[in-house]
Amino acid sequence: MTTTTLLPVEEKKKIREQEALITGAEAIAHACKLANVDVITAYPIRPYDTVMQYISQLVADGEMDCEFIVAEGEHSQFEIVKHASVCGARTFCGSSGVGWMYAMECLTVSPALRVPLVCMVGNRALDDPGAFGVEHNDALAVRDLGWLLNWVDSGQEALDTALISYRVAEDRRMFVPTAISCDGAFLTHSQSLVKIPSAEQVKEFLPRYNRGDLLLHPDNVISIAPQANEDWVMEIRRQNYAVTERAQDVIREVYTDFERIFGRKYGNPFFEEYMTEDADVVLLGMGTMSTSARVAVRKLREQGKKVGFVRLRWFRPFAGKEIAKCLERFKAIGVIDRDFSFGSPDLSGVVATEVRSAMYSNANSRPPVLGFICGLGGREVTVPDLEEMTEKVFQAAKGTSQPLTQWIGLRG
Amino acid sequence: MGQLLAVEIIYRGVFQKTLAKNITRGIVLAAHNEGKLGVSFGRYGDAPERNGIPAKGFAIVASDEQTLEAGMAQYEPKAVDVSVVLDDTLSKGAESWAWYGLRPVNGSLKPGRTLIVVSQQEVSDLLKLIHRRPEPYKLGILKGITSFSGMWVYKDDHTDVRVLGAIAKALPELVSLKSIEQYISDKLKDPLKVTSAHNAFDRFTASEVKPNQGNPEELPHHELLHWQDMRLGVSIKGQPQGGPFKDPVTKELGGFRPARNELFKKYSTRTARPVINFSTCTKCTLCWLNCPDGSFDVTPDGTYDINLESCSGCGICEAVCPVKNCINMVHESQFDNNDSQWVSFRKDKTAYLKNLEKTIKTAEPIAERSQGFRYRGQYKEQVPAALEVARKA
C-alpha cells in the first residue's frame, strides 16, 4: 500500500483523476490500459470493435505494452485468450452479435477451465437479418454456462465495471470468465464525460493475477481438459456451481473496496433503483434504456403517477433473493426485455422469465409481472414507449387482465 | 419379475463395431422369434471408436415388457450371462479410454456363466492371460481368425452367425439354435450362414474354470474423488519428468525414461507389438520422435526401447524405421508379458536375437496387415480362408 492511500478520498480524486470525453468502448480501452492487460485478441465486428481501435492506438502510441493479436476469427480470438489466461496472462477480448456466437465452443469450455477472461460484448442483434443495433441475445447466450454477466449504462460505469470485473474474475474463489455488456451504438459509440482514475489507484485495487497451482508452466506440470466420463463430469459441474454460490459475496466485497479506493459509490452492486421509495409500480430493464426510463419516470411523476425504475446491473449471478425482496413491495411490475426467448413460459423475454422465477421462490407477495419486448435490433426505447408500458403496468395493478407479454414500439 | 438375461460383447473399436452390433441385434431378433423382448445397444462411453480401443456392446433379453424395463433401467448390465471376446488379444484385459484402468474380460460374468473367446489358441494359453477370479465360470473357444474390418466396409465372414451359434449352445435359455437359424433365414437370407451357425453350435464346447485359476496379475484400483477434493479447472497433476535408469548389466545409470501414468497404460488397445533388434539399431531417433504415445525409452547405450505398458501398437515406429527388420510388428498372441526387450537383450544377446529371428518370421508384411478395405471384392476373397479355419476346428 502506498502512503497516498491514507489521504482522504476527495483529496485523492483531485490529484489523480482526469476527466475525458470518450465513448463507452474507449472507456473500456482505458480500463485495459490501467489494468495493464498482458494479452489482447481482436477481430473486427461492429459495434464492439471500436474498443480494439482505441487499444491499438494506445499500443501504437507506446502508452500500453501488451501482446495485441489480431486473430483470423472470433473462435481463435477466444481460444488465444483462454490459453494465455491458463498461462497466467491477464487478458482482454470481446465481440458482438454473431461474432460472439461464432466463438461459442470456446465460450462454453472457459468456465469449467476456470479462466478469468474479461470480455466486452458490444450487444448487437443476431443476424439474420444483418443488423448492427442492440439486442441482448448475444451475451445472454452464455447465461447458463457459468459466465458472469453484467450490463452497464454509461461510459463511467463501463470503465469502473471493467476494473471491477478483473478483480472479481481473478479472485481465487471465482476464476470464471466475465463479460461486460455494452449496448451497441447507445453506449459503444456515444461520448460522455468519464473520470479516468490514476494507475496508482488501479494498482492498489487490482492485485496481480495469480493462478497458483492452476498455472500451466514447465515448473508446474499439469494436464488440462482431459477426456472424462460420467464418473467425473458431475463433480466438475458442482465445482462451478460452488462459484455461483459465493459469487454475490465476492462481488459485494469488491464493490466495497472499489468505493474505498476510487470514492465512487454504486450502492447495491446487483441493481440500481431510481425513484422507487414511494412507487406504486416499477419498470425493470438492463442497459442504456435507463436514460429514457429516468426521463419518463420524472415526467410521469409530474402527473402524479408514482412509478420507479430498477436497472439490473449483474444478470449473472442473478441476485434473485434481493430482487424479489425489492419488487415484492410494488403493486405491479413491468419487465422490459431487449431480447427474446421464443417459446419460453408466457412467451416472455429472458429477464421477465428470470424475475418471475425469482419472485416465485423468494417473494412474500407476488404482484403481477408484465413482460414487454421492446427496442429490438437497435430500435430506441422511447419516452412515449415507457409511458405506454407504465400505463399498462398501472392497469395490471388495478387488476385489469392483459397479456403477460406485449410488444411495444412495434408497427401494426 | 420374469426372466432377464444379458450378453456382453467385448470388441475392438472401429475394426469390430459392425460385427459387435450384428451379434447383439441377432440375439434380440432371434429371441423375439420365441416371443421374448429385448434391446441391443453399445456403450459409447466405453467406445469412442478409435482404432483398436476395447469397447462393449450389449443385448438384454426378457420374458416380458416389465422385466425388460427393469433391465433397461440401468444403462449397462453390471452382471451378464454370457461375455463374448471378439479378439483373443483382448484376453489380457480391456482398458477403455476412461479412467477405469485395466479391467478383466471376465469381470462382469455371473458365477458359473460362460466366457466365449474367438481365437485360434487353446484354453490353457488363454488362461495365462485372462485374470483369475474368486468365482468359477466356463470358458469356451470359438475357433476362428479374428474378424477385423476397416472403418467403412464390413467384412462379412460369418463370425457374427458363428458367435450366435455358440451363444445358443452356451445359454440355451436365452435363445435356441432353431430361433437363430430362423432369424438368419428370415433376415440375412443366406443358407450358407445357417450352416455356419449350426456348425458353430455343434463344435462349441466350454470347459470349467476353477476359482482363482488364471492370470494372477493384480489390477490397479482407481479412487473416485469427491468434488471438493478434485483439482479445479478440469486439470490433473502431470507426470514428473522422468530420468535415467539402470543398465541391468553394468548397473550404471544412463538414458532417459519419461514418467508415465500408472493408472492409464493403453496397451490393451494393441493387437501387435514392435519387436526391436538392438544390434542393428542406428540410433537415428525416428521411432522415438514419431511415436504418438511417447512410448520409447532412451536406453543407457543410446538405443530405443519400447515401453510395452504404454505402447498402443499403432505400428508407426515400424513404418518410419529406416533399417530393414530392425523394428517388426508381431502379433500380440506371441507374448504373455510386457517386460522390457532391451533388458532381455542386455542380459543375453544371443538368446534374444535367436528368439527375435523366430518371432520376426511370424510378422506379416505391412502391405497385408491393414484392416482397411483397399479394393472391391477384397473381403470376399478372404472369407473362404476364414471358413476353412473354422471348419478345421
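Residues numbered from 1 in each chain as written. Chains lettered and ligands numbered in written order. Predicted model: local features only at pLDDT ≥ 70, side-chain atom pairs only at ≥ 80, totals over all residues.

Can you break down the sheet that holds strand β16 (residues 405–408) of chain A residue by residue, with the values?
Residue and element names in this part refer to chain A. Strand order in the open sheet formed by six strands is β10-β12-β11-β14-β15-β16, with mixed pairing between adjacent strands. Two strands bound the open sheet, and with one partner strand each, they are β10 (271–274) and β16. Mean inter-strand twist for the sheet, computed between neighbouring axes without regard to direction, equals 25 degrees. In this structure, β10 lies alongside strand β12 (residues 307–312), joined through four bridges in antiparallel fashion. Counterpart to Glu272 in the pairing with β12 is Arg311. (Pairing = 2+ DSSP bridges. Helix = DSSP H or I, 4+ residues; strand = E, 2+ residues; numbered from the N terminus. Axes fitted to C-alpha atoms, helices over the stretch in contact; angles between N-to-C directions.)

Can you explain the domain arrangement of chain B? Please cite residues and give values.
Reports of interface size often rely on the accessible area that becomes lost once the parts have come together. Residue and element names in this part refer to chain B. Here chain B is partitioned into domain 1 (4–222 + 382–392) and domain 2 (243–262 + 270–362). Taking only C-alpha atoms, the centre of domain 1 and the centre of domain 2 are 33 Å apart. The interface is formed by eight residues belonging to domain 1 together with seven residues belonging to domain 2. Of the residues in the side of domain 1 that touches domain 2, the class split is two nonpolar, three polar and three charged. (Domains from an automatic or database assignment. Contact = placed C-beta atoms within 7 Å. Nonpolar A, V, L, I, M, F, W, Y, C, P; charged D, E, K, R; others polar.)

Could you give an account of unusual backbone geometry, naming the residues involved and the relevant values?
Going from A:Asp128 to A:Pro129, the amide bond is cis rather than trans, its omega being 0 degrees. With respect to the secondary-structure elements, A:Pro129 resides in the loop between β5 (118–123) and α7 (137–140). Following A:Arg316, the chain continues into A:Pro317 via a peptide bond in cis, with omega recorded as 0 degrees. Tracing the chain through its elements places A:Pro317 in the loop between β13 (314–316) and α12 (320–327). Phi at A:Phe175 takes a positive value of approximately 50 degrees, unusual for a residue other than glycine. With respect to the helices and strands, the residue A:Phe175 is situated in the loop between α8 (155–169) and β7 (178–183). Positive phi, normally seen in glycine, also occurs at B:Lys189, with a value near 50 degrees. Residue classification places B:Lys189 among the exposed positions, given that 9 C-beta atoms sit within 10 Å. (Buried ≥ 20, exposed ≤ 12 C-beta atoms within 10 Å, placed from the backbone.)

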